[in-house]
Every structure is written in C-alpha cells, then in structure tokens.
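# Chain and residue survey
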Amino acid sequence: MCYFEQSLWSCGYWKWGNFRQQCNKEYRTGETCGLKLVYETSFIPSPCKICEQISKKDRRVRKMEEDIARWRREGNRMATIEKTEHDIRGVQGQIEDLWRGHEEKRRSIC
Ligand SMILES: [Zn+2]
C-alpha cells in the first residue's frame, strides 16, 4: 500500500495525484507496490474538466437546435437543417461517451 494525493471535484469525479509516501511492504526506492491509498484529498470546488466539456457540447447542441427552429420558420433550408441534425446526433454521442466515462470513474474505487 502506497500513499498518493487525490483530487476530488465537486461533481464527484476524482483522480490520483502525486505519490507521497511508500508503505513498509515496498523497499525499492521510487517504486510503488501497486495498491494505492489516499494520503490527502484536495477538494476542488468546481466541476471537473469532463463536466466542462459536456456543458460546452451541451450549449453547442442547444445553439444548433435554435438554429434549426429558426430555419424551419424561414423555410427553404432543408439541406442545412438535415446537416445540422446530423451534427447534433454526433455531438450527443460524444456527450454520452464522456458522461459514461465520468460516471464509471466516479463510482470506481481506484
Ligand atoms: Zn465532472
């Protein structure tokens, strides 16, 4: 068991930080025994980078949806609407992937 710093974001996402202290089962200098324990948790009072990416993509989707609604009112923009709808599905897929990774990490112990 070796001790590491840990960062914890307000959304529950966390990450190992710097190696701090060796345990007494590991004698090789600079090596760690593979079992990580928390030395100290630094709480970061903001959402993690993944959450930032998700909300950025979310805003993009909403913007595109507004564009589509406007184009529908204006008419004659069928090709642009179809292309944008395709883009929205792409971004929504990225959001789902990011979120899945985020939740797996949030629930995992190490
Ligand atoms: Zn997050």
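The rules behind each value
Residues numbered from 1 in each chain as written. Predicted model: local features only at pLDDT ≥ 70, side-chain atom pairs only at ≥ 80, totals over all residues. Heavy atoms only, no water. Donors = N, O, S within 2.8 Å, 3.2 Å for Na, K, Ca; no water. Tetrahedral: all angles 85-135°; square planar, octahedral: opposite > 155°, others 65-115°. Helix = DSSP H or I, 4+ residues; strand = E, 2+ residues; numbered from the N terminus. Buried < 20%, exposed > 50% of the residue type's maximum accessible area, 1.4 Å probe, protein only. Pairing = 2+ DSSP bridges. Axes fitted to C-alpha atoms, helices over the stretch in contact; angles between N-to-C directions. Expected span 1.5 Å × (residues − 1). Contact = heavy atoms within 4.5 Å. Domains from an automatic or database assignment. Buried area = accessible area lost by both parts, 1.4 Å probe. Salt bridge = Lys/Arg side-chain N within 4 Å of Asp/Glu carboxyl O. Polar contact = N/O pair within 3.5 Å; in protein donor to acceptor, adjacent residues only side chain to side chain.

### With respect to the coordination of the zinc ion
Every protein donor of the zinc ion is accounted for by C11 (SG), C48 (SG), C51 (SG) and H102 (NE2), and the metal-donor separations fall at 2.0 to 2.3 Å. Considering all four donor atoms around the zinc ion, the spread of angles at the metal, 99 to 121°, places the coordination shape in the tetrahedral class. Each donor residue of the zinc ion lies on the same chain, and together they follow the pattern C-x36-C-x2-C-x50-H. Here C48 is found in the loop between β3 (36–44) and α1 (49–74), whereas its partner H102 is found in helix α2 (residues 78–107), with 54 residues between them in sequence. Comparing C48 with H102, the two get one shared label, buried.

### Description of the sheet that holds β3
Hydrogen bonds between backbone groups are what pair the strands of a sheet, and the pairing can be parallel or antiparallel. Spatial strand order, β2-β1-β3: three strands in an open sheet with mixed pairing. Each edge of the open sheet is held by one strand with a lone partner, namely β2 (14–21) and β3. In this sheet, neighbouring strand axes are inclined to one another by 30° on average, regardless of whether the strands run parallel or antiparallel. Sheet topology note: the strand β1 (residues 2–9)/β3 ladder contains eight bridges and is parallel. Bridge pairing in β3 links W9 to I44.

### Re α2
It helps to recall that an α-helix has 3.6 residues per turn; residues three or four apart then point in one direction. With 30 residues, α2 extends 43 Å from end C-alpha to end C-alpha; this agrees with the ideal 44 Å at 1.5 Å per step. Residues of α2 that are buried make contact with α1.

### Quick word on the domain arrangement of the protein chain
By the assigned domains, the protein chain splits into domain 1 (2–44) and domain 2 (49–107). Look at where the C-alpha atoms of domain 1 and domain 2 centre, and you get two points 36 Å apart. Facing the four residues of domain 1 at the interface are five residues of domain 2. Carbon and sulfur atoms supply 65% of the area buried between domain 1 and domain 2, which totals about 520 Å² over both sides. Among the residues of domain 1 in contact with domain 2, C11, Y13 and W14 are the three that bury the most area, contributing 81% of the side total. The interface formed by domain 1 and domain 2 includes zero salt bridges. Our count for the domain 1 to domain 2 interface comes out at one residue pair in polar contact (both at pLDDT 80 or more).

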